[in-house]
Amino acid sequence: MNSQLIEELDALGGEILPANLRDCDEIVLNQPGFTARIALWGGHLVSFKPSGQEDWLFQSENPGGQSRFGRRHFGVPVCWPWFGAHSDDEDMPAHGVARYFRWQLTEVGRFSNGDVKIVLSLASKDHPLIEEMVPQAFELRQIMRLGETCSVQLAAANLSDEPMMISEALHTYLHIGDNAKARITGLEGCPYVDKFDGGAVKLQQGAIMPCDTLDRVYDQAPQQVTLHDPVFKRTMTITSEGSQSTVVWNPGEALAKLRTDLEDDEYRSFVCIEAANALQHTYHLAPGELRTLTQTIQCEPIGD
Ligand SMILES: O=P(O)(O)OC[C@H]1O[C@@H](O)[C@H](O)[C@@H](O)[C@@H]1O
């Protein structure tokens, strides 16, 4: 890794530590107001923990599948260039390739208001296996902005001379005190595809509560959704830009027990609210085109 970047990270109060995640390095940031961790494997923002608060992001205790395409459940995985199963090849891993490769740290600094800026990139040309799996050349960049709020912007460029078919998500695992008590508002009246009910199309009636056994792709969703957590006594506002679908996922008890890459009880401690473009919002990224998808989390305490 470039020594200037390491010096810049050091000046920010950050360091790179060897982690146990696929033996890949992790960036650890210690700031006066928060700590954060970013795994270069998969380019995951793993943890964002403001001082005196519970982490905003969930991390599974389970190390996940140890194969090349083993899944890990924490932080903000990037699903790209496909969301869910591959459209015509069942041997391809779920949710694309971006979360299974090592990203490069390319920039470290601050925004003008003092927020920390970390930029990671993943270029297909640097990974022969990606070139085998995805015919078109591309480059991805994530700009993480960490301060009073926490945001991830994914920028994707098609560097080939053919269009690319894209579905995508920032698959954020939000950390909650108890999924039976947490509630999501903002999606009332939106149509959704219920993946736990054979893809039936339904209309959201009222708030989502409990946050249990949900695998839903919402369409025409507003760009802002709120997660109310009476146990951690906070509300999180999740704002998306560049997203036409909002995915809400919690595996529930039965599915969690079947999974070997998640501990049995962990479904109680997270709900995923994902900024996405999926199903009918799959789109063509033209040669030379760049698109961005952004998700920002804000958090407010709930008084007693
Ligand atoms: O286990 P994975 O591949 O990380 O995916 C978790 C879930 O991610 C959600 O976004 C999908 O809608 C679910 O169908 C999927 O099960």
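Just so it is clear, the structure is predicted and the values come from calculations on it, not from any experiment.

Participant: So what about unusual backbone geometry? Which residues, and what values?
Facilitator: Omega for the peptide link from Trp 80 to Pro 81 comes to 5°, which places this bond in the cis form. On the secondary structure map, Pro 81 appears in the loop between strand 5 (78–79) and strand 6 (104–110). The omega angle of the peptide bond from Met 209 to Pro 210 is -5°, so this bond is cis rather than trans. Relative to the helices and strands, Pro 210 is located in the loop between strand 15 (200–203) and strand 16 (214–219). Even without a glycine there, the phi angle at Lys 233 is positive, about 55°.

Participant: Tell me about the pattern of salt bridges, and please be specific about residues and values.
Facilitator: All told, the structure shown has 13 salt bridges when counted by the stated rule. Here Asp 126 and Lys 125 are joined by a salt bridge, their closest N and O atoms 3.4 Å apart. Through salt bridges with shared partners, a single ionic network connects Asp 194, Asp 197 and Lys 202.

Participant: Quick one: what's the story with the UniProt feature "active site" (unreviewed entry) in the protein, residue by residue and with numbers?
Facilitator: Mapped onto this numbering, the UniProt entry annotates "active site" (unreviewed entry) at His 171 and Glu 274. The greatest C-alpha distance among the annotated residues, which extend across 104 residues, is 4.7 Å, indicating that they converge on a single site. With respect to the secondary-structure elements, His 171 resides in the loop between strand 11 (168–170) and strand 12 (173–175). Positionally, Glu 274 belongs in strand 20 (residues 270–277). Looking at Glu 274, the relative accessible area reads 2%, which means it is buried. Residue contacts for Glu 274: discarding those within four places in its chain leaves Phe 83, Ala 169, Leu 170, His 171, Thr 172, Ser 245, Thr 246, Val 247, Trp 249 and Gln 295.

Participant: Describe the sheet that holds strand 2 (residues 25–30), naming the residues involved and giving the relevant values.
Facilitator: What the four strands build is an open sheet, ordered 1-2-3-4; its pairing is antiparallel. This sheet does not close on itself; its edge strands, each paired only once, are strand 1 (14–18) and strand 4 (44–50). The sheet shows a mean angle of 15° between the axes of neighbouring strands, direction not considered. Sheet topology note: the strand 3 (residues 34–39)/strand 4 ladder contains six bridges and is antiparallel. Residue pairing for strand 4: Thr 35 is matched across the bridge by Lys 49.

Participant: Pulling in residues and values, what's your account of the packing of aromatic side chains?
Facilitator: Scanning all chains against the criterion turns up 11 aromatic pairs. Measuring from centroid to centroid gives 4.9 Å for Phe 48 and Trp 56, while their planes differ by 70°, and the two rings are edge-to-face. Considered together, Phe 48 and Trp 56 belong to a single accessibility category, that of buried residues. Put simply, the rings of Phe 58, Tyr 173, Trp 249 and Phe 270 touch in pairs and so form one group of aromatic residues. Looking at Arg 68, its charged tip hangs above the ring of Phe 69, at a distance of 5.8 Å from the centre.

Participant: Outline the sheet that holds strand 13 (residues 183–185), supporting the account with residue identities and numerical values.
Facilitator: The strand order across the open sheet formed by eight strands is 6-7-8-9-22-18-17-13, and the pairing between neighbours is antiparallel. Bordering the open sheet on either side are strand 6 and strand 13, each of which pairs with just one other strand. Neighbouring strand axes in the sheet, compared pairwise and without regard to direction, differ in orientation by 15° on average. Alignment of strand 7 (residues 116–123) against strand 8 (residues 138–146), held across eight bridges, turns out to be antiparallel. When the sheet's bridge partners are listed, Ile 118 is paired in strand 8 with Met 144. Strands in contact with helix 1 (residues 3–11) are strand 6 and strand 7; relative to strand 6, the strand with the most contacts, it is inclined by about 40°.

Definitions and cut-offs
Residues numbered from 1 in each chain as written. Predicted model: local features only at pLDDT ≥ 70, side-chain atom pairs only at ≥ 80, totals over all residues. Heavy atoms only, no water. Helix = DSSP H or I, 4+ residues; strand = E, 2+ residues; numbered from the N terminus. Salt bridge = Lys/Arg side-chain N within 4 Å of Asp/Glu carboxyl O. UniProt positions renumbered as here; feature names shortened; annotations may be inferred. Buried < 20%, exposed > 50% of the residue type's maximum accessible area, 1.4 Å probe, protein only. Contact = heavy atoms within 4.5 Å. Pairing = 2+ DSSP bridges. Axes fitted to C-alpha atoms, helices over the stretch in contact; angles between N-to-C directions. Phe/Tyr/Trp six-rings, centres within 6.5 Å; stacked < 30°, edge-to-face > 60°. Lys NZ or Arg CZ within 6 Å of the ring centre and 35° of its normal.

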